[in-house]
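# Close look at the chain arrangement
The residues making up each chain are set out below.
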Amino acid sequence: MMNCKEISRLASERFDRELGLLERMRFRMHVLMCHHCRRYARQLAFLRRAIRRLAAARATRGPRLSAEARARIARRLDTATQDPR
Amino acid sequence: MNAAAMAPSATGRQTVEVLSFIDPSRTIGSIETARTCTTMADSLSDPATWLEHYGDALYRYALGRLRDPSRAEDAVQDALLAALQARDSFRGGSTEQTWLTGILRHKILDQLRAQGRAAERETDTADEDELERLHFAGTGSWQQPAGRWNDPEGALGEQQFFINLEHCIEELPERLGQAFMLKEFDGLAGAEIGQTLGVTSNNVWVMLSRARMRIRNCLEHTWFGRATR
Ligand SMILES: [Zn+2]
């Protein structure tokens, strides 16, 4: 019998690796009977969906280079460009 | 400087690829954007324009992985300098942004590897995790179970929710956060993350589980807690 702490681990690991047949059976049986683990597993699945959306959105918006960093990098690149290699 | 080599900047919406972290030539999706920075290139545009066009995107990429603004800025600079050196090797067929991101990715993985070798590994996967200890009794059954969430689907429609979510990710301990980003934002497998961070795959799974548990808990307190209590 796996305890809730172990099941919570499987609720996460099923996103990272293929669970074995026995693990899958134990997981399913457990969440069928245990509403705490069922809720936890459902919330992790929700989290994953939210992260997917965040990852897609983050590609185009979010933090930007500060003006200082931008100027510093520009100066550095400028120096390097003028260096005849 | 050859001004004629500047990328033509079209206006209007266009599609930007979401790059795979494993193989930058592969895309894992695409998004519509109003930005004008991607052009399929046979030759590179003037390096002087790289910073202007791709600086923010490269910075976000670096910040997500390195989690430190000044290190992220340095990584962008290093990558652009390396790109400058390697610009003769650009073969075309991919976008400039893809090419630059690939160079940046290498710089970042090098940094993370160096850091992984230096890090104290036992703290990542110590048997005791404070949040696990809070949630579970010694027997492994819940003593402080996950709370009920009110309308999670509705949260997905709110921009503020995603800002909250980003804060929760930022609050992760450094290496849990790195493992989480490499997995969820870059799609790396456990073995690759393990190699980068200097731990076994098994430890990576433990770290990811703890990262998710923390984010879940953080969301419950900062977002869902408002509605349910
Ligand atoms: Zn349970």
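Here the residue numbering is sequential within each chain, running from 1 through the sequence in written order. Labels are handed out in written order, letters beginning with A for the chains and numbers beginning with 1 for the ligands. With the structure being a predicted model, the display of local features is reserved for residues of pLDDT at least 70 and the display and counting of side-chain atom pairs for 80 or more, all residues being used for whole-chain, interface and lining totals. In computing side-chain values, all of the structure's heavy atoms are included and hydrogens and water are not.

### Structural notes on the coordination of the zinc ion
Residue and element names in this part refer to chain A. Looking at the zinc ion, one finds its protein donor set to be C4 (SG), H30 (NE2), C34 (SG) and C37 (SG), positioned 2.0 to 2.3 Å from the metal centre. Ordering the donors of the zinc ion by residue number gives the pattern C-x25-H-x3-C-x2-C. Here the residue C4 occupies a position in helix 1 (residues 4–13), and C34 occupies one in the loop between helix 2 (21–33) and helix 3 (35–58), the gap between them amounting to 30 residues. Per residue, the accessibility class of C4 equals that of C34, and both read buried. Coordination here is defined by N, O and S atoms within 2.8 Å of the metal (3.2 Å for Na, K and Ca), and since water is not considered, a site can look incomplete. Helix and strand definitions here come from DSSP, where helices need a minimum of 4 consecutive H or I residues and strands a minimum of 2 consecutive E residues; each element is numbered from the N-terminal end. Three exposure classes are used, based on accessible area relative to the maximum for each residue type with a 1.4 Å probe and protein chains only: buried under 20%, partly exposed in between, and exposed over 50%.

### Considerations on the packing of aromatic side chains
Aromatic ring pairs are described here by two measures, namely the spacing of the ring centres and the angle between the planes. Only the six-membered ring of Trp is used, alongside the rings of Phe and Tyr, when aromatic pairs are assigned; centres must lie within 6.5 Å, and planes under 30 degrees apart are stacked while those over 60 apart are edge-to-face, with the rest tilted. Counted according to the given criterion, the structure contains 10 aromatic pairs over all chains. Consider the rings of Y40(A) and W142(B), whose centres lie 5.3 Å apart with planes at 50°: the pair is tilted. Residue Y40(A) is found in helix 3, and its partner W142(B) is found in the loop between helix 4 (130–135) and helix 5 (152–155); the two belong to separate chains. A residue is classified by how much of its surface remains accessible, and Y40(A), at 1% relative accessible area, is buried. Summarising the aromatic geometry, the rings of F46(A) and W149(B) are spaced 5.8 Å apart at their centres and angled 80° between planes, so their arrangement reads as edge-to-face. Highlighted residues: F46(A) in helix 3 and W149(B) in the loop between helix 4 and helix 5, drawn from two different chains. Ring pairs connect the aromatic residues F46(A), W149(B), F161(B), F162(B), W223(B) and F224(B), which therefore count as one cluster. Above the plane of the ring of Y61(B) lies R65(B), whose end atom (NZ or CZ) is 3.9 Å from the centre. Only Lys NZ and Arg CZ are tested; either one counts as a charge over a ring when it is within 6 Å of the ring centre and within 35 degrees of the ring normal.

### Digging into the environment of A41(A)
Residue and element names in this part refer to chain A. Tracing the chain through its elements places A41 in helix 3. Along the primary structure A41 and A11 are separated by 30 residues, whereas in three dimensions their C-alpha atoms are 5.2 Å apart. Not counting chain neighbours up to four residues away, the residues in contact with A41 comprise A11, R14 and F27. Pairs of residues are marked as contacts when any of their non-hydrogen atoms sit within 4.5 Å.

### A few points about the interface of chain B and chain A
Much of the literature gives interface size as the accessible area that the parts lose upon coming together. Taken residue by residue, the interface counts 58 residues in chain B and 45 residues in chain A. When two parts are brought into contact, each loses some accessible area as probed by a 1.4 Å sphere; the total of that loss over both is the buried area. The junction of chain B with chain A conceals about 5,200 Å² of combined surface from both sides, 62% of it contributed by carbon and sulfur atoms. Each reported salt bridge corresponds to a side-chain nitrogen of Lys or Arg within 4 Å of a carboxyl oxygen of Asp or Glu. Applying the counting criterion to the chain B and chain A interface returns 9 salt bridges. Counting of polar contacts relies on pairs of N or O atoms within 3.5 Å, with two restrictions inside protein: one atom must be capable of donating a hydrogen and the other of accepting it, and residues adjacent in sequence are counted only when both atoms are side-chain atoms. Our enumeration of links across chain B and chain A arrives at 18 residue pairs in polar contact (both at pLDDT 80 or more). Among the elements of the structure, strand 2 (27–33), helix 1 (50–66), helix 2 (69–85), helix 5, helix 6 (159–170), helix 7 (174–184) and helix 9 (201–228) of chain B are those that each provide at least two residues to the side of chain B that touches chain A. Ranked by residue count, the leading element in the side of chain B that touches chain A is helix 9 of chain B, at 12 residues. Classification convention: Asp, Glu, Lys, Arg as charged; Ala, Val, Leu, Ile, Met, Phe, Trp, Tyr, Cys, Pro as nonpolar; all other residues, Gly among them, as polar. Looking at side-chain class alone, the side of chain B that touches chain A contains 30 nonpolar, 11 polar and 17 charged residues.

### Describing the state of the cysteines
All names here are of chain B. Cysteine sulfur atoms are paired as a disulfide whenever they come within 2.5 Å of each other. Per the stated rule, a full pass over the model turns up 1 disulfide over all chains. Disulfide partner of C168: C218, at an S-S distance of 2.0 Å. Given an S-S torsion of about -75°, the disulfide between C168 and C218 has left-handed geometry. Note that C168 is positioned in helix 6 and C218 in helix 9, a separation of 50 residues in sequence. Judged by relative accessible area, which is 3%, C168 ranks as buried.

### Observations concerning the environment of M207(B)
Residues and elements named next belong to chain B. Tracing the backbone through its elements, the reader meets M207 in helix 9. Accessibility expressed as a relative area gives 0% for M207, which makes it buried. It is 29 Å that separates the C-alpha atoms of M207 and E158, two residues lying 49 residues apart in sequence.

### Details of the domain arrangement of chain B
Residues and elements named next belong to chain B. The domain boundaries assigned to chain B delineate domain 1 (2–34), domain 2 (47–118) and domain 3 (122–224). For each domain, the first and last residues come from an automatic or database assignment. Taken over C-alpha atoms, the centre of domain 2 sits 27 Å from the centre of domain 3. Every contact between the two is made by 11 residues of domain 2 and, on the other side, 15 residues of domain 3. The interface formed by domain 2 and domain 3 contains 2 salt bridges. Counting across the interface, domain 2 meets domain 3 through 4 residue pairs in polar contact (both at pLDDT 80 or more). For the side of domain 2 that touches domain 3, the elements supplying multiple residues, two or more each, are helix 1 and helix 3 (96–118).

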